[in-house]
Amino acid sequence: MAKIIVVTSGKGGVGKTTSTAAIGAGLAMRGHKTVVIDFDVGLRNLDMIMGCERRVVFDFINVIQGDAKLKQALIKDRRLENLAILPTSQTRDKDALTREGVGKVLDELREDFDYIICDSPAGIERGAYLAMYYADEAVVVTNPEVSSVRDSDRVLGLLSSKTHLAEKGEGGVKSHLLLTRYDPKRVASGEMMKVEDILEILSIPLLGIIPESTAVLKASNVGTPVTFDTKSNAGKAYEDAVSRLDGEQIEMRIKPERPGLFQRLLRRTA
Amino acid sequence: MLSFFRRKRDTHSADTAKDRLQILLAHERTDRSAPDFLPMLQRDILAVIERYMRVGGDSVDIKMERGDDLSTLEINIELPGDRKLQTRGAA
């Protein structure tokens, strides 16, 4: 049965869209038919991160309003056969999203896909609310930083009360923590909160730790999900997180950045 | 020497980012004032074709590729085969 997963955070700029693209690509690489949907109406960006911005014809809003068929709005990824993107509108606003409309599109997608990944906008307004409303599971993207953790806590509250599963009395959406922009060096020096600290505060299971990495900016520059960069630490960390999301038990590992030649020489002389 | 090569590759991805944005934003700035014409275009194309043939709303597929100097609009219309037309005529 198809699974709907929302990627959300409350706070902006923590890596929701990057994570949506990386998780979507990762699931497709594992052989699952996957679609990623942009819920950030008016500020679409998932198309850019996925690298298909020049091929957008119809969008999510056109489908909701009956101006286009779902099949016409879905963009097939050129690298992965199993992967599709449903872009949102750049010209409308969030009021164009209706609960019934979103539900109908998701039901139609359920027939064709194994995983439906909803990229939530920042905030807790209409777009974010509808992105999480029908979700079976949630990936809460959090940076090791006070405002991000606080906003994640707020979002977790909404996931357990304002969603379809919560209203049905089924205990809310199953939520996972994805810790992004984690810097082991700064954690070691006591400048940054540890994984354990954040888990203690939010008390939800950990899906993965994505280290701060130059690969993320590079991937967004060229419009490629970072999971394709299998050599980078961030790419590997997303791959692990995706395996866990897919039910595999994988040990949590934070690979320290390999010191450069220069640093190694310095260390030797020190 | 190594860092020289690496620097070159890094600026390459930044250049790609700039190019992608310039092309996209050029289109978005001009599109912003215009109405969303593609659904209307699709409706009109279907209406014209239906004057001559029986086609369903599902059989039109519009693709667009935005380029720097040139954008292409590709419209595929699936026409019913002979056999389908005959049975429909007989019914």
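Please refer to the structure placed before this passage.
Residues numbered from 1 in each chain as written. Chains lettered and ligands numbered in written order. Predicted model: local features only at pLDDT ≥ 70, side-chain atom pairs only at ≥ 80, totals over all residues. Heavy atoms only, no water.

A. Representation of a nonpolar patch on the surface. Residue and element names in this part refer to chain B. On the surface, V48, Y52, M53, L73, I75, I77 and L79 cluster together to form a nonpolar patch covering roughly 620 Å² of accessible area. When residues of the nonpolar patch are assigned to their parent elements, the largest contribution, three residues, is made by strand β2 (residues 72-77). Tracing the backbone shows Y52 in the loop between α2 (37-50) and β1 (60-65). For Y52, a relative accessible area of 65% corresponds to the exposed category. (Patch = residues over 30% accessible without salt bridge, like charges linked within 9 Å, V, L, I, M, F, W, Y side chains within 5 Å. Areas by Shrake-Rupley, 256 points an atom, 1.4 Å probe, with all protein chains shown as cover. Salt bridge = Lys/Arg side-chain N within 4 Å of Asp/Glu carboxyl O. Helix = DSSP H or I, 4+ residues; strand = E, 2+ residues; numbered from the N terminus. Buried < 20%, exposed > 50% of the residue type's maximum accessible area, 1.4 Å probe, protein only.)

B. View of the pairing of strand β5 (residues 115-119) of chain A. Residue and element names in this part refer to chain A. The buried fraction of β5 amounts to five of the five residues, a majority that puts the element mostly inside the structure. Where burial is concerned, the two faces of β5 agree: the one with Y115, I117 and D119 and the one with I116 and C118 are both buried. Where strand β1 (residues 3-8) meets β5, five bridges bridge the pair, whose relative direction is parallel. In the sheet register, V6 faces β5, and the bridge partner there is C118. Sheet topology note: the strand β2 (residues 34-38)/β5 ladder contains five bridges and is parallel. Each bridged residue has a counterpart across the sheet, and for V36 the counterpart in β5 is I117. (Pairing = 2+ DSSP bridges.)

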